[in-house]
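# Remarks on the overall topology
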Amino acid sequence: MTELEQSTTTLPEATQLSISNKPNKLLATKLNKVLGSSVSDDARIKAALTALSDIPGLDETDLRRNLRGTIEKKEIEANKKFLDGFSRVVDQLEALENQVDRMDESCQEMKQKLDQASGQTAEMIEQAHNLQDRSSACDTRLTIVDKFLEKFTLSESEINTLCSSSVPIDDEFFVALDHLKQIHSDCRVLLMTQNQQAGLQIMESMALHQETAYEKLYRWTQYESRASFGRDSIDVSTLMTKALHALRHRPVLFQTILDDLAVARREAVGRAFMNALTRGGPGGTPRPIELQAHDSLRYIGDMLAWIHQACASEKEMLESLFQSAPGARKRENSGNSSDSSKTISEQEVDGSQSIIHINDAIDELLDYAMEGTCRPLKSRMEQVLVLQPGAITSYRVANLIQFYTVTVGKLLRKNAVLAKVLYDISDMAYKYFFKTLNAQADRLLQSADPPTKELTVSPVVREMTLQLKEIVSSYDSSYLIATGESEGLPNFNFGETLDAIVDPLVQMCELSVQNFSTVERDVYVVNCIQHIESALSSYSFADSKRANLTERTNTLLQGLASEQYRDLLNQSGLSEIDSAIINKEETPLSKVPNMDTQSISTALANLDSFLITISAGASPQLRKLTNSEHYHQVQDNAIRMLLDAYRRIHVAVEDPKNQYEYPDRILPRTIEEMEAIFSFAL
């Protein structure tokens, strides 16, 4: 192809000349057309030439001479090869068709056999379906039976746990017992349905296991009650709590256990109290309480403090012992508050509580346990009270007993033996206290020594007032004042205490000055009452008694003012005139002896000289009043009464019925002038 191209490109012009010289114009035109085309641009020619070059066995010489024939010959050879190959394909397709026909015949034959077999096995298939449905139903029934047996029967391990005496009681026992209770509850539901026979049979079969289980639980609980609860310190176990909770369903067994617990705790608490009194704590710490017997207040306080602590600890132990079962508490705390969420077992517990009330059982056990301390406590406290210590100590003891009566009474039931003993001792303590006060009053009245000339409060009165202040201060800090609670306490009125102390003291003050003058007697009594009243001034609960003392003081001060008024009236010279005016009858005053104009004028003229010294005219005895307010009160009242006397004289002189001539000459001063003069002395 390269040589052909080169020959074509190197001789174009010569070829054109040689062609143009020949006479065949058609051939020349074709050659020119072929030679004039661009070989590089004509892709078809290039492709044709490439195809020619790929033909095997092509001779270049034959190609130049007979191109068409060569190509057609090659085409015929290629077609023959194609026909030979296609004939083989046709043979293979015909063989395949024959095989497909035979396969179709086999399928048709197989279908006929299958249709025949299907017709023959239709009945068998139907029977198989029926058997399969019956098998499914049997499986369902078997599952139901298994669930029923699981729900309404106990396993061998559970029966062994409940009934075997060789198996100890533990948490598994109570799980099995709960399952047994649940079976009984479920059987009750069965009795409400058509399956009553099944429910009765199951309940009968479970009854023996249940009785055996409760008998085993009762024996174990009874042993634990006697062995563990007879000690001073008790660690309440969870098993014991569960056991008591389970035994509530058997009231008779439960009550028997309660009796055993009561006896064990009564002996233990009583023994512990006696050890605290005589032996003290472990190793001697704390020391025995009876070592403080010389100090009445501390001795009784230590005993009552031990009783209170023991009572509180005992109640806490009993409450933890009879608390709800853990499972019940979990159900209560689950957050479902609807009534329908309660299980049958919970309803059973509620029903049993209607028979055995747990709170009542706790109160009864606590009462019986603390009863062991009553006799030694009462005997020792009575010994202290009989000794009759001083009034202050006696009141503090009574107040202390009263406090613990209320405090311990809150832990016990209303009619508890210990509460009654404390109530009686509290009442007895106040009786001994008043007995001490009465004995003290008798001694005071028998030894009423007179005071000094200065009429100051005697040491005895000061000592008794200090005692009164101590008692009032103790009452102010007592439980009654601090809390305002008085329920369950003796009807105690502190006013009676004040009367028992103050009234004999005031009476003693009066007896000590019975030989003195009226003014001295009243001054001393006023000083004593004032001193006593000052001890009560800070306490509102003593307002009633303080008001009585104030009233008595005012009465005495009024008497002193009257005495002072009579002295002033005599000193002023108006006593005879005022007496004549007060006792005047129908006779005119001027006609009464010594009441004429001259006598009255002379007496009223001497009044001016008296007015100059009126401020210094008070009795020396009045100056012995310890309270300056009392002194000024007496002086002011006396001067006011003197002014009233002058007012009566002035009115009488100006009255025409008394027949005085020229009253203005008789009266040197008007009433207003006298009021102004007396105002300087007030």
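Residues numbered from 1 in each chain as written. Predicted model: local features only at pLDDT ≥ 70, side-chain atom pairs only at ≥ 80, totals over all residues. Heavy atoms only, no water.

### Points about the overall build of the chain
Heads up, the rule is: To qualify as a helix, a DSSP run of H or I must reach at least 4 residues; to qualify as a strand, a run of E must reach at least 2; elements of each kind are numbered from the N terminus. Between buried and exposed lies partly exposed: a residue is buried under 20% and exposed over 50% of the maximum accessible area for its type, with that area taken using a 1.4 Å probe on protein chains only. Note on contacts: a residue pair is in contact if any heavy atoms of the two residues lie within 4.5 Å. Only the protein chains shown count as cover for residues, and all accessible areas are computed by the Shrake-Rupley method using a 1.4 Å probe.
Along its length, the chain carries 29 helices and zero strands. Here the chain, with 682 residues, has 37% of them falling under the buried criterion. For the chain, contacts bridging at least 24 residues in sequence account for 76% of all contacts bridging at least 6. Looking at the chain as shown, the accessible area adds up to about 40,700 Å², and 52% of this sits on carbon and sulfur atoms.

### Some points on the packing of aromatic side chains
Quick note on the threshold: Only rings of Phe, Tyr and Trp enter the pairing, Trp through its six-membered ring, and a pair is recorded when the two centres are within 6.5 Å. The plane angle decides the type: under 30 degrees is stacked, over 60 is edge-to-face, the rest tilted. Look at NZ for Lys and CZ for Arg. If either is within 6 Å of the ring centre and within 35 degrees of the ring normal, a charge sits over the ring.
Applying the stated criterion across every chain, the model contains 13 aromatic pairs. Aromatic side chains Y539 and F541 sit 5.5 Å apart centroid to centroid with 40° between the ring planes, which places their arrangement in the tilted category. An aromatic cluster of at least three residues, connected via ring pairs, comprises Y395, Y430, F433, F434, Y475, F494, Y539 and F541. Just above the ring of Y368 sits the side chain of R266; from NZ or CZ to the centre is 5.6 Å.

### A closer look at the packing of helix α11 (residues 251-278) against helix α16 (residues 374-386)
To characterise two packed helices, one gives the angle between the axes of the helices and the distance between these axes. Operational definition: Inter-axis angles, ranging from 0 to 180 degrees, are taken between N-to-C directions of lines fitted to C-alpha atoms, where helices are fitted over the stretch in contact. Side-chain classes follow a simple rule in which Ala, Val, Leu, Ile, Met, Phe, Trp, Tyr, Cys and Pro form the nonpolar group, Asp, Glu, Lys and Arg form the charged group, and the remainder, Gly included, forms the polar group.
At their nearest, the axes of α11 and α16 sit 9 Å apart, and the two run at 35° to each other. Contacts between α11 and α16 involve F273, M274 and L277 on the former and, on the latter, P376, L377 and R380. Here the residues of the contact of α11 with α16 sort into five nonpolar, no polar and one charged.

### Some details on the side chain of S296
Structurally, the position occupied by S296 is in helix α12 (residues 296-321). What S296 contacts, discounting residues up to four positions off in sequence, is V384, T393 and V397.

### Quick look at unusual backbone geometry
Even without glycine at this site, L455 takes up a positive phi of about 60°. Tracing the backbone through its elements, the reader meets L455 in the loop between α18 (417-446) and α19 (459-476). Exposure remark for L455: the relative accessible area of 1% places this residue in the buried category. At Q659, a residue that is not glycine, the phi angle is positive and equals roughly 60°. The topology assignment puts Q659 in the loop between α27 (628-654) and α28 (663-666). Taking the relative accessible area as the measure of exposure, Q659 reaches 44% and is therefore partly exposed.

### Quick word on the environment of D295
Among the structural elements, D295 can be located in the loop between α11 and α12. On the basis of relative accessible area, D295 is assigned to the partly exposed category, the value being 32%.

### Quick notes on a nonpolar patch on the surface
Defined as follows: Nonpolar side chains (Val, Leu, Ile, Met, Phe, Trp, Tyr) within 5 Å and like charges within 9 Å form the patches, drawn only from residues with over 30% relative accessible area and no salt bridge. Whenever a carboxyl oxygen of Asp or Glu lies within 4 Å of a side-chain nitrogen of Lys or Arg, that contact is scored as a salt bridge.
Together, F82, L83, F86, V89, L93, L96 and V100 make up a nonpolar patch on the protein surface, roughly 700 Å² of accessible area in all. Along the chain, F82 falls in helix α6 (residues 67-152). Residue classification places F82 among the exposed residues on the basis of a relative accessible area of 57%.

### Thoughts on helix α7 (residues 156-163)
What counts here: Arc definition: directions from the helix axis to the C-beta atoms.
Along α7, the residues that are buried comprise E158, T161 and L162. Here the buried residues of α7 occupy an arc of 95° about the axis, which is enough to place them on one side.

### Here's the deal with the pattern of salt bridges
When the charged atoms of two side chains lie near each other, side chains of opposite charge can form a pair. According to the stated counting rule, one finds 20 salt bridges in the structure shown. With its nearest N and O atoms 2.9 Å apart, the salt bridge here joins R413 to D367. Highlighted residues: R413 in the loop between α17 (391-411) and α18 and D367 in helix α15 (residues 358-370), separated in sequence by 46 residues. One salt-bridge network, held together by shared partners, links D499, D503 and K545.

### Some remarks on the packing of α7 against helix α8 (residues 171-191)
Put simply, the rule is: We call two directions roughly parallel when the angle between them is under 35 degrees, roughly antiparallel when it is over 145, roughly perpendicular when it lies between 65 and 115, and oblique otherwise.
Put simply, α7 and α8 touch, their axes get as near as 9 Å, and they point 110° apart. By the angle class used here, α7 and α8 are roughly perpendicular. For the pair α7 and α8, contact is made by E158, T161 and L162 and by E172, F173, A176, L177, H179 and L180, respectively. Class assignment for the residues of the contact of α7 with α8 results in five nonpolar, two polar and two charged.

### Side note on a negative patch on the surface
Worth spelling out the cut-off: When charges are tallied, Lys and Arg are placed among the positive residues and Asp and Glu among the negative ones, while His and the ends of the chain are skipped. The atom standing in for a charge is NZ when the residue is Lys, CZ when it is Arg, CG when it is Asp and CD when it is Glu.
Residues D91, E94, E97, D101, D104 and E105 make up a contiguous surface patch of negative charge. Here D104 shows up in helix α6. On the basis of relative accessibility, which here comes to 43%, the residue D104 falls in the partly exposed class.

### Regarding the confidence of the model for the chain
Note the threshold: By definition, pLDDT measures how confident the predictor is in each residue, and it falls between 0 and 100.
Confidence along the chain averages 80 in pLDDT terms, with 84% of residues attaining 70 or more. Within the model, pLDDT remains below 50 along residues 1-22, and this stretch shows eight contacts once partners closer than five positions in the same chain are excluded.

### A short note on the state of the cysteines
Quick note on the threshold: Cysteine sulfur atoms are paired as a disulfide whenever they fall within 2.5 Å.
Following the criterion strictly, the structure yields zero disulfides and no others. This cysteine, C528, is not joined by any disulfide, and C509 carries the nearest cysteine sulfur, 3.4 Å off. Residue classification places C528 among the buried residues on the basis of a relative accessible area of 1%.

### Points about the side chain of K315
Going by this rule: By the criterion applied in these results, polar contacts are pairs of N or O atoms within 3.5 Å in which, for protein atoms, one can donate a hydrogen and the other can accept it, and in which residues neighboring in sequence qualify only through two side-chain atoms.
Along the chain, K315 turns up in helix α12. Lacking a salt bridge, the buried K315 has E319 as its closest oppositely charged neighbour, with an N-O distance of 4.4 Å. Separated by 3.3 Å, the side chain of K315 and the backbone oxygen of L411 make a polar contact.

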